[in-house]
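Examination of the molecular architecture
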Amino acid sequence: MSKTKFQIKDMHCAGCAMTIEGALEDLPGVTAANANYAKQIADVEYDESKVTEQQMIAAIQQAGYSVA
């Protein structure tokens, strides 16, 4: 398992964080996602053999948020 952290722009509330967590957790290989809107970050634990960081960034962007 690997862990990474994404700096995310445009989160305004806990609902935004939940949307991002859901988008990430829907990806095969993501075992945990924890987004914090106050800090504008998302911590992700994932299996690097099943998902790439680019795929996670794409999922965040498809949910309507920007990755710094």
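Shown above is the structure to which this text applies.
In short, a report on the structure.

Take the sheet that holds strand β2 (residues 30-36) next. What holds strands together in a sheet is hydrogen bonding between their backbones, with the strands either parallel or antiparallel. Spatial ordering of the open sheet is given by β2-β3-β1-β4, a layout of four strands whose pairing is antiparallel. With one partner strand each, in any of the chains shown, β2 and β4 (66-67) form the two edges of the open sheet. In terms of strand pairing, strand β1 (residues 2-9) meets strand β3 (residues 41-46) through six bridges, oriented antiparallel. Residue pairing in the sheet places Q7 in a bridge with I41 of β3. Against the sheet, helix α1 (residues 14-25) contacts β1, β2 and β3, and its axis sits at roughly 165 degrees relative to β2. Lying over the sheet, helix α2 (residues 53-62) contacts β1, β2, β3 and β4, oriented at roughly 35 degrees with respect to β1.

This brings us to the pairing of β3. Of the pairings in the sheet, the one linking β2 to β3 comprises six bridges and is antiparallel in character. Across the sheet, the residue bridging to V30 is Y46, located in β3. In this structure, the hairpin formed by β2 and β3 is closed by a connection of four residues, where Q40 is found at a positive phi of approximately 60 degrees.

Positive phi outside glycine occurs at D10, with the angle close to 85 degrees. Relative to the elements of secondary structure, D10 occurs in the loop between β1 and α1. At Q40, a residue that is not glycine, the phi angle is positive and equals roughly 60 degrees. By the secondary structure assignment, Q40 is in the loop between β2 and β3.

About the cut-offs
Residues numbered from 1 in each chain as written. Predicted model: local features only at pLDDT ≥ 70, side-chain atom pairs only at ≥ 80, totals over all residues. Heavy atoms only, no water. Pairing = 2+ DSSP bridges. Helix = DSSP H or I, 4+ residues; strand = E, 2+ residues; numbered from the N terminus. Contact = heavy atoms within 4.5 Å. Axes fitted to C-alpha atoms, helices over the stretch in contact; angles between N-to-C directions.

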